[in-house]
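Overview (structure and organization)
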Amino acid sequence: MYSINGVSSTIALTEINAQSVKSSKTALNSQTPIENGSDELIWCQLGREYDVHDINTEQRAALSQKLYDAGQISLADHAILSFDGERNLPSGSTFLTEPTSNGGYDIISEFKARIELDKQMNNEQNAQNNQRILDILNHLESAAAKPIEIVA
């Protein structure tokens, strides 16, 4: 379970999810040619800018902010993706995986580990939240690998 300013994330995220925010699934299901200014172009650019297999907390927060500002992820997903437990929790790191040799984290592996732990603890709400983040990260990774054909 996560805590943001002393508030359980399950409670906070349930309230956020109840709001009308754009679902990240809109961008995840895009199969159209990439147009200049399109949602998919945003994913391609950010996927190439950030390495989801070696990213530090500042980069992760910046990535999350860019996705949120572009309307690609919900406020709830932004809160989960950008949360820095090392700075905001007295117990320190919330990472389940080891840092890379560069001091970053493979956040795809991290969110897979979080989902497994959530399932073991029968925490279905957190498992669903973390699965959405994993879907976002997988989409970033696949978008980074796509050739960009800008169609005017």
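These remarks concern the structure in this document. Keep in mind that this is a model prediction, so the values were computed, not measured.

The next point concerns the nonpolar core. Where a protein is soluble and globular, its nonpolar side chains tend to be buried together. Leu-67, Ile-107, Leu-137 and Leu-140 are the most contacted members of the largest nonpolar core, which totals 23 residues. Where this core is concerned, the elements lending two or more residues are α3 (39–49), α4 (57–69), α5 (75–82), α7 (107–120) and α8 (124–145). A total of 6 residues in this core trace back to one element, the largest contributor, which is α8. Beyond its immediate sequence surroundings of up to four residues, Leu-140 is in contact with Trp-43, Leu-46, Gly-47, Val-52, Leu-63 and Leu-67.

We now examine the pattern of salt bridges. Pairs can form between side chains of opposite charge whenever their charged atoms are close. Summed over the entire model, instances satisfying the criterion amount to 4 salt bridges. With its nearest N and O atoms 2.7 Å apart, the salt bridge here joins Lys-66 to Glu-49. With Lys-66 in helix α4 and Glu-49 in helix α3, this residue pair connects regions lying 17 residues apart in the sequence. Assessed through its relative accessible area of 33%, Lys-66 is described here as partly exposed. Residue Glu-49 is classed as partly exposed on the basis of its relative accessible area, which comes to 45%. Where Asp-77 meets Arg-132, a salt bridge forms, and the shortest distance between an N and an O atom there is 2.8 Å. Remark: Arg-132 occurs in helix α8 and Asp-77 occurs in helix α5; sequence separation between them is 55 residues.

With that settled, consider α4. With 13 residues, α4 should reach 18 Å at 1.5 Å per residue; the first-to-last C-alpha distance of 18 Å fits that figure. When we look at burial in α4, the residues that qualify are Thr-57, Arg-60, Leu-63, Ser-64 and Leu-67. Down the axis of α4, the smallest arc covering the buried residues is 120 degrees, so these residues share one side. For α4, the side-chain oxygen to backbone nitrogen distance between the N-cap and Glu-58 is 3.1 Å, and the N-cap itself is Asn-56. Looking one or two residues beyond α4, the residue adopting positive phi is Gly-71, at roughly 75 degrees.

A cluster of nonpolar side chains, contributed by Leu-96, Leu-117 and Met-121, occupies part of the molecular surface with about 280 Å² of accessible area. Looking at where Met-121 falls in the secondary structure, it is placed in the loop between α7 and α8.

This brings us to the packing of α5 against α8. At a minimum axis separation of 10 Å, α5 and α8 run at an interaxial angle of 85 degrees. Viewed along their axes, α5 and α8 adopt a mutual orientation that is roughly perpendicular. On α8, the residues that touch Ala-76, Asp-77, Ile-80 and Leu-81 of α5 are Asn-129, Asn-130, Arg-132, Ile-133, Ile-136 and Leu-137. Per-class residue counts for the contact of α5 with α8 are 6 nonpolar, 2 polar and 2 charged.

This brings us to the packing of aromatic side chains. Taken as a whole and assessed by the stated rule, the structure comprises 0 aromatic pairs. Lying over the aromatic face of Phe-111, Arg-114 brings its terminal NZ or CZ to 4.6 Å of the ring centre.

Here we take up the packing of α3 against α8. Taken N-terminus to C-terminus, the directions of α3 and α8 make an angle of 85 degrees; their axes are 7 Å apart at the nearest point. Taken together, α3 and α8 sit at an angle that is classed as roughly perpendicular. Mapping the contact onto sequence places Glu-40, Trp-43, Cys-44, Leu-46, Gly-47 and Arg-48 in α3 and Ile-136, His-139, Leu-140, Ala-143 and Ala-144 in α8. Here the contact of α3 with α8 is built from residues that sort into 7 nonpolar, 2 polar and 2 charged.

How each quantity is defined
- Residues numbered from 1 in each chain as written.
- Predicted model: local features only at pLDDT ≥ 70, side-chain atom pairs only at ≥ 80, totals over all residues.
- Heavy atoms only, no water.
- Core = buried A, V, L, I, M, F, W, Y, C linked by side-chain atoms within 4.5 Å.
- Buried < 20%, exposed > 50% of the residue type's maximum accessible area, 1.4 Å probe, protein only.
- Helix = DSSP H or I, 4+ residues; strand = E, 2+ residues; numbered from the N terminus.
- Contact = heavy atoms within 4.5 Å.
- Salt bridge = Lys/Arg side-chain N within 4 Å of Asp/Glu carboxyl O.
- Expected span 1.5 Å × (residues − 1).
- Arc of directions from axis to C-beta.
- Polar contact = N/O pair within 3.5 Å; in protein donor to acceptor, adjacent residues only side chain to side chain.
- Patch = residues over 30% accessible without salt bridge, like charges linked within 9 Å, V, L, I, M, F, W, Y side chains within 5 Å.
- Areas by Shrake-Rupley, 256 points an atom, 1.4 Å probe, with all protein chains shown as cover.
- Axes fitted to C-alpha atoms, helices over the stretch in contact; angles between N-to-C directions.
- Parallel < 35°, antiparallel > 145°, perpendicular 65-115°, else oblique.
- Nonpolar A, V, L, I, M, F, W, Y, C, P; charged D, E, K, R; others polar.
- Phe/Tyr/Trp six-rings, centres within 6.5 Å; stacked < 30°, edge-to-face > 60°.
- Lys NZ or Arg CZ within 6 Å of the ring centre and 35° of its normal.

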